[in-house]
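What follows is the residue order along each chain.
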Amino acid sequence: MTSPAQSSAANARRVFIKSYGCQMNVYDAQRMADVVGPEGFVETSRIEDADLVVLNTCHIRERASEKIYSELGKVRELKRERASQGLETTLVVAGCVAQAEGREILRRQPAVDLVVGPQNYHRLPELVAKARRERVVDTEFPSEDKFDHLPAPSREAVQARGVSAFVTVQEGCDKFCAFCVVPYTRGAEMSRPVDKILREIEGLAASGAREFTLIGQNVNAYHGLDATGQTIALAGLFARAAQIPGVLRLRYSTSHPLDMDEALIRAHAENEKLAPYLHLPIQSGSDRILDAMNRRHSAAEYLDIVERVRRARPDIALSSDFIVGFPGETDEDFHATLALVREVGFASAYAFKYSARPGTPAAEKEDQTAEALKAERLAELQALLEAQRQRFNRDTVGKRFGVVFDKPGRHAGQLVGRSPYMQGVHADVDAARVGEMTEVEIVDIRPNSLSGRIVVAPSSWSSTPVITESMEERC
Ligand code: SAM
Ligand code: SF4
């Protein structure tokens, strides 16, 4: 009879990676799986089967950050359980909490073997090997570019991840908003070279990816060099990416209002592959608070961008991020935020309670807002945003647009994909249509998705959406 340890050795080693927070972390988690794949690690969705457990953490708000420690406590129990069966488990904390807290994580949780920052995960194989002998922390900002050391994902991995792919084009941030940890955890802003990004998209498209979201902490600050040494901004990158065979739709996230240049606005009118969707965080509708946040633009300047983008692409869906209860936020400031939301009319948006982050200027301020007041304001803002989301979804009924179906739905014969405006769409459609741009008419709405019916064959699909009166009215 074989012992559990012997049967584990006979099988491939397994890696379980859990990602918290933003899309950048989702991308990083996929790349970590790509890095350890050639070392014989196969991904598992069952943490109890994993020889290597990676928690890819988020530090943006206190709750996200503290959640990690309770999660680590659970993994410690699992690790003990596996050890009692003769199985070794290596526990890794990666991501922004790793970067911000480093060695402190080893102190707080003795079960952690390795702490690795977001710029160092390309070294995972050697770090994991070292962590079997001694506990390791690697949070230096390395001189080499991690992207140069990341292997391309296998065809199987790309296909398992679906037709939508994230591609990091820019990392880090130099804007230093008074509330935000990103400049400290992700470092200075840097843009990847154009050709390396295009090669990555080509590889993903050749393996079946069809929708590409170009991501960065401030993606519209992108300014990468092309092969001739020319600096290319995001609109130029989209123009080139749109030429790649297999690329059906392009998206981007997250943008800063200051970097919303004219070329990018024009790209929304001219680049047929660019989805009519813009996530443009404003954080507050009050100029006083925007100034205290060091956002370096006013509410009126934001509204001017919205107007220009809507002129360029009348059916564009807008999304944003808001923070309520920033230090010193008065009722009047909060009402300015509500007024801005009413004026813009968002298709979807995220609202957060301000969370004081150690090391950021806002955390030092005396006039912190009481938790109860933050909660009250958050509930009021979220109710308004939810009403706008539902209205936007209702207005979609009767419209036609292209959907790239991604995976089976809940019922037999059903597929699920995303509308150009980021809504989930399900329809009865042949499974062979996965990965094709298929024209759909929306016939009904559900609480969190839309129901569609197929209207024409993909060959006659046009990316120009049908604009109805109600959409034009809202602009
Ligand atoms: N770069 C984008 C911008 O300039 O708006 C935002 C990226 S940030 C990683 C994502 C969102 O997290 C922010 O838009 C903000 O709403 C929220 N956020 C960041 N720091 C926060 C804090 N200390 N408390 C609450 N929310 C925060
Ligand atoms: Fe953070 Fe965005 Fe401000 Fe940069 S621009 S500091 S990522 S909120």
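Residues numbered from 1 in each chain as written. Chains lettered and ligands numbered in written order. Predicted model: local features only at pLDDT ≥ 70, side-chain atom pairs only at ≥ 80, totals over all residues. Heavy atoms only, no water.

Draft legend 1. Highlighting the overall build of the protein. Of the regular secondary structure elements, the protein holds 16 helices and 21 strands. Computed over its C-alpha atoms, the radius of gyration of the protein comes to 23 Å, within 12% of the 23 Å expected for a compact globule of 475 residues. Once the C-alpha set of the protein is aligned to its principal axes, its extents read approximately 70 × 60 × 50 Å. When burial is assessed residue by residue, the protein has 53% of its 475 residues classed as buried. Sequence separation of at least 24 residues holds for 70% of the intrachain contacts in the protein that already meet a minimum separation of 6. When the accessible surface of the protein is split by element, carbon and sulfur atoms take 50% of a total near 20600 Å². Side-chain charges of the protein comprise 60 positive and 67 negative groups, with the mean position of each set lying 4 Å from the other. (Helix = DSSP H or I, 4+ residues; strand = E, 2+ residues; numbered from the N terminus. Rg over C-alpha atoms; globule rule 2.2 N^0.38 Å. Buried < 20%, exposed > 50% of the residue type's maximum accessible area, 1.4 Å probe, protein only. Contact = heavy atoms within 4.5 Å. Areas by Shrake-Rupley, 256 points an atom, 1.4 Å probe, with all protein chains shown as cover. Lys, Arg positive; Asp, Glu negative; His and termini not counted. Charge placed at Lys NZ, Arg CZ, Asp CG, Glu CD.)

Draft legend 2. Up close: the site of ligand 1. Near ligand 1 you find 18 residues, and of these Gln217, Gln283, Arg295, Asp321 and Ser355 are the closest. Within the side chain of Arg295, an N or O atom sits 2.9 Å from an oxygen atom of ligand 1. Considering ligand 1 on its own, with 560 Å² of exposed area, one finds that the protein chains cover 90% of that surface. Mapped by element, the contributors of at least two residues to the shell around ligand 1 are strand S15 (317-324) and strand S16 (348-353). Its residues assigned to classes, the shell around ligand 1 comprises 7 nonpolar, 6 polar and 5 charged. (Near = heavy atom within 4 Å. Polar contact = N/O pair within 3.5 Å; in protein donor to acceptor, adjacent residues only side chain to side chain. Nonpolar A, V, L, I, M, F, W, Y, C, P; charged D, E, K, R; others polar.)

Draft legend 3. Structural view of the side chain of Glu189. Here Glu189 lies in the loop between helix H8 (182-185) and strand S9 (190-191). Buried Glu189, no salt bridge; nearest opposite-charge side chain is Lys175, N-O distance 4.4 Å. Excluding its chain neighbours within four sequence positions, the residues that come into contact with Glu189 are Gln170, Glu171, Gly172, Cys173, Asp174, Lys175, Ala221 and His223. (Salt bridge = Lys/Arg side-chain N within 4 Å of Asp/Glu carboxyl O.)

Draft legend 4. Structural detail: the packing of aromatic side chains. Inspection of the entire model under this criterion finds 7 aromatic pairs. Geometrically, the ring pair formed by Phe322 and Phe346 is edge-to-face, given 5.7 Å between the ring centres and 80 degrees between the ring planes. Separated by 24 residues along the polypeptide, Phe322 in strand S15 and Phe346 in the loop between helix H14 (331-344) and S16 bring together distant segments of the chain. Each member of the pair, Phe322 as well as Phe346, carries the same accessibility label: buried. (Phe/Tyr/Trp six-rings, centres within 6.5 Å; stacked < 30°, edge-to-face > 60°.)

Draft legend 5. Quick look at the packing of helix H13 (residues 299-312) against H14. In contact at an axis separation of 11 Å, H13 and H14 are set at 10 degrees when each is read in the N-to-C sense. By the angle class used here, H13 and H14 are roughly parallel. Where H13 abuts H14, its residues Ala299, Tyr302, Leu303, Val306 and Arg310 lie against Leu340, Glu343 and Val344. (Axes fitted to C-alpha atoms, helices over the stretch in contact; angles between N-to-C directions. Parallel < 35°, antiparallel > 145°, perpendicular 65-115°, else oblique.)

Draft legend 6. Just the environment of Ala233, in detail. You can see Ala233 is positioned in strand S12 (residues 231-233). With a relative accessible area of 32%, Ala233 lands in the partly exposed category. Residues Ala233 and Leu264, spaced 31 residues apart in sequence, show a C-alpha to C-alpha distance of 8.4 Å. Every residue in contact with Ala233, bar those within four places of it in the chain, is listed here: Tyr222 and Asp261.

Draft legend 7. Representation of the sheet that holds strand S3 (residues 52-57) in the model. Pairing is parallel in the open sheet, where 6 strands are placed in the order S2-S1-S3-S4-S5-S6. With partners counted over all chains shown, the strands left at the sheet margins are strand S2 (41-43) and strand S6 (136-138), one partner each. In this sheet, adjacent strand axes meet at a mean angle of 20 degrees when their direction is disregarded. Bridge count between strand S5 (residues 114-116) and S6: 3 bridges; the pairing is parallel. Counterpart to Val115 in the pairing with S6 is Val137. The strands touched by helix H3 (residues 62-84) within the sheet are strand S1 (13-19), S3 and strand S4 (90-94), with S3 carrying the most contacts at an inclination of about 175 degrees. Docked against the sheet, helix H6 (residues 124-131) engages S3, S4, S5 and S6, running at close to 155 degrees with respect to S5. (Pairing = 2+ DSSP bridges.)

Draft legend 8. Region of interest: the pairing of strand S13 (residues 249-253). Across the 5 residues of S13, 5 count as buried, placing the element largely inside the fold. Of the two faces of S13, both are covered, the one formed by Arg249, Arg251 and Ser253 as well as the one formed by Leu250 and Tyr252. Where strand S10 (residues 211-215) lies against S13, 5 bridges are found, and the strand directions are parallel. Paired with Ile215 across the strands is Ser253, a residue of S13.

Draft legend 9. Up close: the confidence of the model for the protein. Averaged over the protein, the pLDDT score is 93; the fraction of residues at 70 or greater is 93%. Per-residue pLDDT stays below 50 along residues 1-9; that stretch engages in 9 contacts with residues further than four places along the chain or on separate chains. Low pLDDT, under 50, characterises residues 458-475; the predicted model gives this stretch 35 contacts beyond four residues in sequence or across chains. (pLDDT = per-residue confidence, 0-100.)

Draft legend 10. Main features of the side chain of Ser284. With respect to the secondary-structure elements, Ser284 resides in the loop between strand S14 (277-279) and helix H12 (287-292). Given the relative accessible area of 0%, Ser284 is considered buried. For Ser284, the side chain forms a polar contact with the main-chain nitrogen of Ser286, separated by 3.0 Å. Once residues within four sequence positions are removed from consideration, Ser284 is found in contact with Ile289, Leu290, Met293 and Thr337.

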